[in-house]
Amino acid sequence: MLPTPLHLIDGRRTPAADGRTFPVVNPADGQTISEVPLGGAAEARAAIEGAASAFPGWRDLPAHERARPLRALAEAMVRDQQRLAHLMTLEQGKPLAEARGEILYAASFLEWSAEEARRICGQVIPASSVEKRIVVLRQPVGVCLAITPWNFPAAMITRKVGPALACGCTMIVKPAEQTPLSALAIGELAMQVGIPQGVLNIITGDAPQIAAACFADPRVRKVTFTGSTDVGRVLVRQAADNLQRLTLELGGHAPFIVFEDADIDAALAGVMASKFRNSGQTCICANRLLVHRSIIEPFTARLAEHMRALKVGAGLEPGVTVGPLIDDAAVEKVESHVADAVERGAVVRVGGSRAMGTAMRCFLPTLLERCTPEMRCWCEETFGPVLPVASFETEDQAVAMANDTPYGLAAYFYTRDASRLMRVAERLEFGVIGANDALPSTAQAPFGGMKQSGWGREGGAFAIDAYTEIKYMSWRL
Ligand code: ADP
């Protein structure tokens, strides 16, 4: 077992106030890797005190001084990528190469934010009379709470911490209970590189209690959340009393459309990258494959070959490309989606079940043909390595099928027709569009959803909007 890490509260490494802990389990074998502090309302209140006391000093620092420790944290993560990636694979299950990729991706948010810190500017707007000036100031919102998910244990933290700290906000991070070790390891590095006391606080434990304590305190001005749409709704209700600002990055149900004029090799590579990264456990994973009727047979035949070549197993095993799912409930959900589809007439072309005799929570990459809209896999997020396929005849039909969901996070399509490319991109009701591109996420781009996939955007300059208030001063000379 790894040693029990400690909370990072107001610059101090502390256990839970009552000494309680909870286990962190390796999804590959079900073994307990470590115990972590089980925090609740008391820890949340201590973290709010720390973050609120640190706020004026951090806010008033010159921007380049706020940038320095952020850049140092990015560099420390890059230097320490092997250790951090190993820890991530242990608690989350993703293949080691993917975990290393995530550490670098996570560091890129800190690096970008450190660069942007110097460019958070106001405006002077020409007034309507000579004796007036209109001055617009951009100021940090204050203490923020970040609640993050288990599928990207490092990047979902730095995507929030980077811009928040760059803007001069202070932050409390509550990572997912399944993956607290990566979060606490980042917190430890933050202390080592000199992020000042109270500016970044990390507490693990009882999510509802921690969130309730933060919503109850009007000093917490903003909550940023990545997770399920159901929990997003709970947070919206809780934010009502103190009217805290919210950024919500919720569930997705991404369509992946292959038009008859697509570059087929590129589309195949795209589906594979989008669907099987993190074993299908990302909110922007391709969840429904729509292929033009004229090419569906040859396309799915080649796709089946690619899928059979994937290597399923524990993330630390060399060559593994599809790791275990996060827990038993996740495997059961995927199983139930496949069973429901088969019952309603889908045909299993590849996979269709748990892996046998290997890591306990692995599900085989699964290709389901002849899928129809009433199947659960076609209308809900599966969050596993299952790809349901259906065909379409016309562009209008493909767009209508793609948009037929309450979610609106990411959508992908492949075509070589430039007019169609623009037309379809404009008509898809999703916040992130991959046009001949299956990997759209990057530090400088706005990431977020429409409809029930959330509010606001993270990434790039749009994230700066999320952590700043606009103050307008009308100045009579
Ligand atoms: P998933 O279903 O993928 O685990 P969740 O939305 O349940 O996604 O979890 C995402 C994050 O939200 C985690 O950090 C989790 O601890 C937290 N969370 C879950 N329930 C609540 C709640 N009622 N209030 C605040 N945070 C919560």
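Because the structure is predicted, anything quoted here is derived from the model rather than measured. (Residues numbered from 1 in each chain as written. Predicted model: local features only at pLDDT ≥ 70, side-chain atom pairs only at ≥ 80, totals over all residues. Heavy atoms only, no water.)

1. So, helix H10 (residues 296-308)
This is how it is decided: Helix and strand assignments come from DSSP, with helices taken as H or I runs of at least 4 residues and strands as E runs of at least 2, each series counted from the N terminus. Multiplying 1.5 Å by the residue count of a helix minus one yields the expected span of that helix. Each residue is placed in one exposure class: buried if its accessible area under a 1.4 Å probe, protein chains only, is under 20% of its type's maximum, exposed if it is over 50%, and partly exposed if it falls in between. Directions drawn from the helix axis to the C-beta atoms are what define this arc. Note on contacts: a residue pair qualifies if any of its non-hydrogen atoms lie within 4.5 Å across the two residues.
Spanning 13 residues, H10 covers 18 Å between terminal C-alpha atoms, matching the ideal 18 Å at 1.5 Å per step. Along H10, the residues classified as buried are Ile 296, Phe 299, Thr 300, Leu 303, Ala 304 and Met 307. Taken around the axis of H10, the buried residues stretch over an arc of 135 degrees, which confines them to a single face. Among the exposed residues of H10, those oriented more than 90 degrees off its buried face are Glu 305 and Arg 308. In this structure, the buried residues of H10 make contact with strand E12 (254-258), helix H9 (264-276), strand E13 (286-292), strand E14 (347-350), strand E15 (366-369) and strand E16 (386-392).

2. Observations regarding a nonpolar patch on the surface
Going by this rule: Surface patches are drawn from residues lacking salt bridges whose relative accessible area is over 30%; two like charges belong together within 9 Å, two nonpolar side chains (Val, Leu, Ile, Met, Phe, Trp, Tyr) within 5 Å. All accessibility values rest on the Shrake-Rupley procedure with a 1.4 Å probe; residue burial counts only the protein chains present in the view. The rule for a salt bridge is simple: a side-chain nitrogen of Lys or Arg has to be within 4 Å of a carboxyl oxygen of Asp or Glu.
Among the surface-exposed residues, Met 473, Trp 475 and Leu 477 lie close enough to one another that they form a single nonpolar patch of about 320 Å² accessible area. Considering the arrangement of structural elements, one finds Trp 475 in strand E22 (residues 468-476). Residue Trp 475 is classed as partly exposed on the basis of its relative accessible area of 44%.

3. Overview of H9
For the record, the criterion: Contacts described as polar in this section are N or O atom pairs within 3.5 Å, which, within protein, must combine one atom able to donate a hydrogen with one able to accept it, while residues neighboring in sequence count only if both atoms come from side chains.
With 13 residues, H9 extends 18 Å from end C-alpha to end C-alpha; this agrees with the ideal 18 Å at 1.5 Å per step. All of the buried residues in H9 are Ala 267, Leu 268, Gly 270, Val 271, Met 272, Ser 274, Lys 275 and Phe 276. Where H9 begins, one side-chain oxygen reaches toward the backbone nitrogen of Asp 265, 3.2 Å away; that side chain belongs to Asp 263. Asn 278 sits one or two residues past H9 and shows a positive phi near 55 degrees.

4. Quick notes on the sheet that holds strand E5 (residues 123-125)
Heads up, the rule is: Two strands qualify as a pair provided that DSSP identifies no fewer than 2 bridges between them. Angles run from 0 to 180 degrees between N-to-C directions of axes, and those axes are lines fitted to C-alpha atoms, restricted for helices to the stretch in contact.
A sheet is described by the order of its strands in space; here three strands give the open sequence E5-E6-E22, paired in antiparallel fashion. Only two strands of the sheet have a single partner each, and these edge strands are E5 and E22. Across the sheet, the axes of successive neighbouring strands diverge by a mean angle of 25 degrees, strand direction being ignored. Two elements, strand E6 (residues 132-140) and E22, share nine bridges in a ladder whose sense is antiparallel. What sits directly across from Leu 137, in E22, is Lys 471.

5. Here's the deal with the site of the ligand
What counts, and what does not: One heavy atom within 4 Å of a molecule or strand makes the whole residue count as near it.
Near the ligand lie 16 residues; those nearest to it are Thr 148, Trp 150, Lys 174, Glu 177 and Ser 228. Between the ligand and Glu 177, the relevant distance is 2.5 Å, taken from an oxygen atom to a side-chain nitrogen or oxygen of the residue. Ser 228 places a polar side-chain atom, nitrogen or oxygen, 2.7 Å from an oxygen atom of the ligand. Coverage of the ligand by the protein amounts to 78% of the 550 Å² it exposes when considered alone. Broken down by secondary-structure element, the contributors of at least two residues to the shell around the ligand are helix H7 (207-216), strand E10 (220-226) and helix H8 (229-238).

6. Considerations on the packing of helix H3 (residues 81-92) against helix H6 (residues 180-193)
For clarity, the cut-off: An angle below 35 degrees is treated as roughly parallel, one above 145 as roughly antiparallel, one from 65 to 115 as roughly perpendicular, and anything else as oblique. Just so you know the grouping, Ala, Val, Leu, Ile, Met, Phe, Trp, Tyr, Cys and Pro go in nonpolar, Asp, Glu, Lys and Arg go in charged, and all remaining residues, Gly too, go in polar.
Their axes nearest at 8 Å, the elements H3 and H6 cross at an angle of 155 degrees. With respect to H6, the element H3 is oriented roughly antiparallel. Within the contact between the two elements, H3 uses Arg 83, Leu 84, Leu 87, Met 88 and Glu 91 and H6 uses Pro 180, Leu 181, Ser 182, Ala 185 and Leu 189. When its residues are assigned to classes, the contact of H3 with H6 shows seven nonpolar, one polar and two charged.

7. Comments concerning the side chain of His 7
Here His 7 is to be found in strand E1 (residues 7-9). Polar side-chain contacts of His 7 include one of 3.0 Å to the backbone nitrogen of Thr 204. Setting aside anything within four residues of it in sequence, one finds His 7 in contact with Arg 12, Arg 13, Thr 14, Pro 15, Ala 16, Pro 37, Gly 39, Glu 43, Leu 184, Ile 202, Ile 203 and Thr 204.

8. Section: the side chain of Asp 10
If you trace the backbone, Asp 10 turns up in the loop between E1 and strand E2 (12-14). With relative accessibility at 18%, the residue Asp 10 sits in the buried group. Ignoring any residue separated from it by four or fewer positions in sequence, one finds Asp 10 in contact with Gly 50, Gln 197, Gly 198 and Asn 201.

9. Considerations on the packing of H3 against helix H4 (residues 96-116)
Our working rule: For any helix crossing, the convention is left-handed if the near helix is rotated counterclockwise from the far helix by under a right angle, and right-handed if that rotation is clockwise.
Viewed as axis vectors pointing N to C, H3 and H4 meet at an angle of 120 degrees, and their least axial separation amounts to 8 Å. Taken together, the axis directions place H3 and H4 in an arrangement best described as oblique. In this structure, the crossing between H3 and H4 has a hand that is right-handed. Residues Gln 81, Gln 82, Leu 84, Ala 85, His 86, Met 88 and Thr 89 of H3 pack against Leu 96, Ala 99, Arg 100, Glu 102, Ile 103 and Leu 104 of H4. By residue class, the composition of the contact of H3 with H4 is seven nonpolar, four polar and two charged.

10. Some remarks on the pairing of strand E11 (residues 245-249)
Where a strand is regular, its side chains alternate between the two sheet faces. This is how it is decided: A crossover counts as right-handed when, viewed with the strands pointing away from the observer, the path leading from the first strand over the helix to the second turns clockwise.
Along E11, four of the five residues are buried, which leaves the element largely enclosed by surrounding structure. Pairing between E10 and E11: five bridges, direction parallel. Residue pairing across strands places Phe 225 opposite Leu 248, the latter belonging to E11. In this fold, E10 hands off to H8, which returns the chain to E11; that crossover is right-handed.

11. Some details on the sheet that holds E14
Within the open sheet, the seven strands sit side by side as E14-E15-E16-E13-E12-E18-E19. Their pairing is mixed. Taken across any chain shown, the strands that pair with only one partner, and hence form the sheet edges, are E14 and strand E19 (432-435). Ignoring which end each strand starts from, the neighbouring axes of this sheet average 25 degrees apart. Where E15 and E16 come together, three bridges link them in parallel fashion.

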